[in-house]
Amino acid sequence: MEKYLDTIGAPLLEDHVTSALSPRQANGGKSILRAGLDDTQIIHFLSITVVRGDDARSIGVQGEYRQPENSFIIIEASVDGGTDRAIDAIAAAMRTELEKMLTEAKVPYKGVSELLRKHHHDVGQGWFSTPGLNYDGTPGMTVQRIKQEAALAEQIEDMLQNRPRGSNALSVIEKVRSKLWDTGEKWAFVEEPAPCLQANGFSSWGYYWGLAKSAIASLAWPFLLVLAVPALIFLLSLAMPEFRARWYEHILTTGLITLALFVIVLAAAAAGYAWLRRREKIDVCDDIAPTTEHVEKLMRRETFGAQNHLAASSIMKPGWFRWLTLRIGFWGAGAIATYGSRPSFLGSTGVIHFARWILLPGTNKLLFMSNYDGAWESYLEDFIEKAHDGVTGIWSNTQGFPRTERLFSKGATDGDRLRLWTRRQQHPSWFWYVAYPKLSLARIRTNAAIRQGIAAARTEADAADWLSCFGSSPRPANALQLEEISTLILGGLGRLRFGTCLFLRLPHDEEESRKWLAGVSNDISYGDHRNASNALVVGFAPSGLRKLGLTGEHLATFPVAFQQGNAAPWRARTLGDIGVDDPEHWLWGAGNQSTDRTAAMSAGTDAGKQVDAVMLIYARDPEQLRKLEQERIDQIEGHHGRVGFRIGFKEIPEPKAAAQRLQREPFGFADGISNPIIRGTRPTTSEDAPHLVGPGEFILGYPDNLGYTPPSPTVAPGDDVFSPAPARICCDNVRTFLSPRQRTGTTWG
């Protein structure tokens, strides 16, 4: 069945935005609403968001004054069936709540269905369409089918729990079929097409032919029509006898006119390309990090199930030329999805259920709404690594996007800047509904394969493939300034066989904290430390940096993940720290790291578990370690701080003779996967090439694997909070190492 992706944008006055939204902001919405939408059996995803018209980015764009715009209530839905069916289902399921919201927002309307029909927008890439693009990650799959196949897979999995060992696959599937038939699951024996399991059906020639056809149908036809006008005039003129008698003269004239028009079109295209390249070089690209409060507001609504929702609003760059290149970007991204990808995948990315771009009519706002699997971070990583061309072709037409080349190149490959920029474009959803919150796309594809096997498997090989669906889950330079880089970044310290870890609570007095740091700074280990008899590494949590004098303005330049810490509930959910692994049960590190704010970063945790800094001490023998440890304890206690927790390292056995020793990585692995080689840290050979990574993947201030230098935490020269002593600081949560002499030469792993 055909799916309909709908965007409904109803304008409302800015004065009424807050009153319409504040009472009911929640992820997932009320259970009554959810039950009503479940009853429709045709709505896959539905979200309600607000695009605000008072966005400062909309006013005074590059010196151009713009009248403040209306805000818009945006309803985005993916529904089985056409427009009328979708709107009627939404209106019937949400009528009461929508009427209440529209009344509070002072939106005039005669009826909910009429309002939704009036303001719904279809999108396309043609000249007369509302600019936009739809993507469907479950083609041919209805809500009812997805749910039925999920229940079927669970039922079969229960049947297979007690299957006898040694049974051949074909006998197993036959027994399952017999049980399903007896229980009345006869629908499963009807083979239905499953496009999500199919390969890309286009050959190389088919791919290019498809691109050509779509380009002509969407964008190129006016130019081809211009070129065809002389030929059409010539053919029509053949009806006149006097013209027909001298046709050979006129055909030459027609050819010359056509050639002249072709040159004009070509020159216009070249001029447009030159203008694009010029603008790309001077367009302003943002390095502004989103505020911690903004990111928290978004993350509180994330990772409650298998999927997440992203709603973003970006401001178009001014001018008609960007309106043109946006359409080209939409066409390019759509062509990649249609002709260059297998069904249910965008390139090699298979985690997007539904997505839609739309330039909201009458505004300069480009909306992007996506329903995807997994965490936000991994979704953005897919954009960076696997789908950057299409994303760049579209978002490069909006303000502040990372610098692009030739419309489709670079841009989204600048991963760190893309993450910052995307978070700033996002806004929380007032309501979000998922028909099947526990089903990822990978699971939906697996369930479809299970049902297909029941209906079609005939051979032992077919049955073996089917049985494998119940196996394991889908798998899923710069020269370095080594003296400024922590010793641990350069390799393990296995030669120092004894060690301990002290978790410190710094004194509340800023001056005492600085004095303590001054006392240990000269002993902290940097660079190649292989011949030293001991080593010292110090790392700081955000609370520790505050006690050293860093302000909220300083800490805002650090990554949001570091500012919030892993104990924040929304980050704990993303990392899988739930249940017995919940931060509530941690021995340390789950305290309130945000001492200058009223709301705890990790609600419900014990502030007594807070740790401000961690100190790793390494030595060659136990006696030396004992003396060093006591010295460090005396230092912190002498400045009114204390050791909160202590973990002793397991002793490393003495090395065997060189002839008996197996070369292993510092973490005990015999390969380079667990501990890659940072380019520039040591001499390498051609055999090391697969294990090399750019220093920027670990060290801020250096290029990463894609050649970009990630934004670094910064402290203004006049704000040298590390006085009176020049000390190097490392921030443990993200391994961020700062030097007061070179604040941009920092590391982040």
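These numbers were taken from a predicted model, which means no experiment stands behind them. (Residues numbered from 1 in each chain as written. Predicted model: local features only at pLDDT ≥ 70, side-chain atom pairs only at ≥ 80, totals over all residues. Heavy atoms only, no water.)

**A word on the pairing of strand S3 (residues 71-80)**
Here comes step 1: A large share of S3 lies buried, amounting to 10 of its 10 residues.
Here comes step 2: Of the two faces of S3, both are covered, the one formed by Ser71, Ile73, Ile75, Ala77 and Val79 as well as the one formed by Phe72, Ile74, Glu76, Ser78 and Asp80.
Here comes step 3: Of the strand pairs in this sheet, strand S2 (residues 43-51) and S3 are connected by eight bridges, and their pairing is antiparallel. In the strand pairing of S3, Val50 is matched with Ile73. (Buried < 20%, exposed > 50% of the residue type's maximum accessible area, 1.4 Å probe, protein only. Helix = DSSP H or I, 4+ residues; strand = E, 2+ residues; numbered from the N terminus. Pairing = 2+ DSSP bridges.)

**Observations concerning the pairing of strand S7 (residues 307-315)**
One face of the sheet, then the other: side chains in a regular strand alternate in exactly this way.
Here comes step 1: Burial analysis of S7 places nine of its nine residues in the buried class, which makes it a mostly covered element.
Here comes step 2: With burial as the criterion, each face of S7 is covered, one bearing Gln307, His309, Ala311, Ser313 and Ile315 and the other bearing Asn308, Leu310, Ala312 and Ser314.

**Examining the pattern of salt bridges**
Here comes step 1: By the definition in use, this model includes 29 salt bridges.
Here comes step 2: Glu149 is the salt-bridge partner of Arg145, the closest N and O atoms lying 2.8 Å from each other. Taken together, the residues span about one helical turn, with Arg145 and Glu149 both in helix H5 (residues 143-160) at a distance of four residues.
Here comes step 3: The salt bridge involving Asp414 is made with Arg417; its shortest N-O contact spans 3.2 Å. (Salt bridge = Lys/Arg side-chain N within 4 Å of Asp/Glu carboxyl O.)

**Considering unusual backbone geometry**
Here comes step 1: A positive phi is found at Leu407, a non-glycine position, where the angle reads about 70 degrees.
Here comes step 2: On the secondary structure map, Leu407 appears in the loop between strand S10 (404-405) and strand S11 (409-410).
Here comes step 3: Here Leu407 falls in the buried class, since its relative accessible area comes to 5%.
Here comes step 4: The phi dihedral of His640 is positive, around 70 degrees, even though this residue is not glycine.
Here comes step 5: Among the secondary structure elements, His640 is positioned in the loop between helix H22 (622-638) and strand S16 (642-648).
Here comes step 6: A relative accessible area of 64% means that His640 is categorised as exposed.

**Side note on the nonpolar core**
Here comes step 1: In this structure, Ile43, Leu46, Ile48, Met94 and Phe431 are the most contacted members of the largest nonpolar core, which totals 45 residues.
Here comes step 2: When contributions to this core are tallied by element, the ones reaching two or more residues are helix H2 (31-40), S2, S3, helix H3 (83-104), helix H4 (112-119), H5, strand S12 (431-434) and helix H15 (441-456).
Here comes step 3: Of all the elements, H3 adds the most residues to this core, at 10 residues.
Here comes step 4: If near-sequence neighbours (up to four positions away) are discounted, Met94 is found in contact with Leu33, Leu37, Leu46, Ile48 and Phe431. (Core = buried A, V, L, I, M, F, W, Y, C linked by side-chain atoms within 4.5 Å. Contact = heavy atoms within 4.5 Å.)

**Topic: the sheet that holds strand S5 (residues 123-124)**
Here comes step 1: In spatial order, the strands read S5-S6-S8-S9-S7; together these five strands make up an open sheet with mixed pairing. A strand with exactly one partner marks an edge of an open sheet, and here the two such strands are S5 and S7.
Here comes step 2: The pairing of S5 with strand S6 (residues 130-136) spans two bridges and is parallel. Residue pairing across strands places Val123 opposite Thr130, the latter belonging to S6.
Here comes step 3: Most of the contacts of helix H12 (residues 376-385) go to strand S9 (residues 365-373), to which it runs at about 115 degrees, and overall it touches S7, strand S8 (352-359) and S9. (Axes fitted to C-alpha atoms, helices over the stretch in contact; angles between N-to-C directions.)

**A few points about the confidence of the model for the protein chain**
Here comes step 1: For the protein chain, mean pLDDT is 80; residues scoring 70 or higher make up 81% of the total.
Here comes step 2: Counting contacts from residues 58-65, a segment whose pLDDT is below 50, to residues more than four positions away or on other chains yields 17 contacts.
Here comes step 3: Low pLDDT (under 50) marks residues 593-605, which in the prediction has 36 contacts with non-local residues, meaning those over four places away or in another chain. (pLDDT = per-residue confidence, 0-100.)

**Here we look at the packing of aromatic side chains**
Here comes step 1: Per the counting criterion, the structure on display carries 22 aromatic pairs.
Here comes step 2: Centroid distance Trp181 to Phe189: 5.2 Å. Interplanar angle 80 degrees. Geometry classified as edge-to-face.
Here comes step 3: Judged by centre distance (4.9 Å) and plane angle (80 degrees), the rings of Trp357 and Trp395 are edge-to-face. Linking Trp357 in strand S8 with Trp395 in helix H13 (residues 388-395), this pair joins segments that are 38 residues apart in sequence. The two residues Trp357 and Trp395 agree in class, both being buried.
Here comes step 4: Through a chain of ring-to-ring contacts, three or more aromatic side chains come together here, namely Trp357, Phe368, Tyr372, Tyr379, Phe383, Trp395, Phe401 and Trp421.
Here comes step 5: The ring of Phe304 has Arg573 sitting right over it, with the charged end atom 4.2 Å from the ring centre. (Phe/Tyr/Trp six-rings, centres within 6.5 Å; stacked < 30°, edge-to-face > 60°. Lys NZ or Arg CZ within 6 Å of the ring centre and 35° of its normal.)

**Some thoughts on the sheet that holds strand S13 (residues 498-505)**
Here comes step 1: If you walk across this open sheet you meet the four strands as S14-S15-S13-S16, and the pairing is antiparallel. At either margin of the open sheet sits one strand with a lone partner, and together these are strand S14 (534-540) and S16. Along the sheet, successive strands turn relative to each other by an average axial angle of 20 degrees, direction set aside.
Here comes step 2: Alignment of S13 against strand S15 (residues 613-619), held across seven bridges, turns out to be antiparallel. Paired with Phe503 across the bridge in S15 is Val614.
Here comes step 3: This element, helix H17 (residues 510-521), spans S13, S14 and S15 of the sheet and lies at about 150 degrees to S14.

**Thoughts on the side chain of Arg571**
Here comes step 1: Checked against the element boundaries, Arg571 lands in helix H21 (residues 569-575).
Here comes step 2: Relative accessible area serves as the criterion here: at 10%, Arg571 is assigned to the buried category.
Here comes step 3: Residues contacting Arg571, with those up to four places away along its chain left out, are Val295, Met299, Glu377, Val560, Ala561, Gln564, Gly565 and Asn566.

**Considering the packing of helix H6 (residues 169-182) against helix H16 (residues 460-468)**
Here comes step 1: Contact pair H6 / H16: the axes reach a minimum separation of 8 Å and the direction vectors enclose 70 degrees. The orientation of H6 relative to H16 falls into the category roughly perpendicular. Along this stretch, H6 crosses H16, giving a crossing that reads as left-handed. Residues Ala169, Leu170, Val172, Ile173 and Val176 of H6 form the contact with H16, whose own contacting residues are Glu460, Ala463, Ala464, Trp466 and Leu467.
Here comes step 2: By residue class, the composition of the contact of H6 with H16 is nine nonpolar, no polar and one charged. (Parallel < 35°, antiparallel > 145°, perpendicular 65-115°, else oblique. Left-handed = near helix turned anticlockwise from the far one by under 90°. Nonpolar A, V, L, I, M, F, W, Y, C, P; charged D, E, K, R; others polar.)

**Concerning empty space enclosed by the protein**
Here comes step 1: Reported here for the largest cavity is a volume of approximately 110 Å³.
Here comes step 2: Lining the largest cavity are 12 residues, with Leu298, Arg301, His309, Pro428 and Ser429 sitting closest to its centre.
Here comes step 3: With three residues, S7 is the single largest residue contributor to the lining of the largest cavity.
Here comes step 4: Classifying every residue of the lining of the largest cavity by side-chain character gives five nonpolar, five polar and two charged. (1 Å grid on protein atoms, 1.4 Å probe; cavity = no way out; pocket = protein on both sides within 12 Å on 5 of 7 lines; lining within 4 Å. Points joined across faces, edges and corners; volume = space filled by probe spheres on them.)

**With respect to a nonpolar patch on the surface**
Here comes step 1: A grouping of Phe128, Ile216, Trp221, Leu224, Leu225, Val229, Leu232, Ile233 and Leu235 is seen on the molecular surface, where their side chains present a nonpolar patch of about 880 Å² in accessible area.
Here comes step 2: Take Trp221: it is sitting in helix H7 (residues 204-237). (Patch = residues over 30% accessible without salt bridge, like charges linked within 9 Å, V, L, I, M, F, W, Y side chains within 5 Å. Areas by Shrake-Rupley, 256 points an atom, 1.4 Å probe, with all protein chains shown as cover.)

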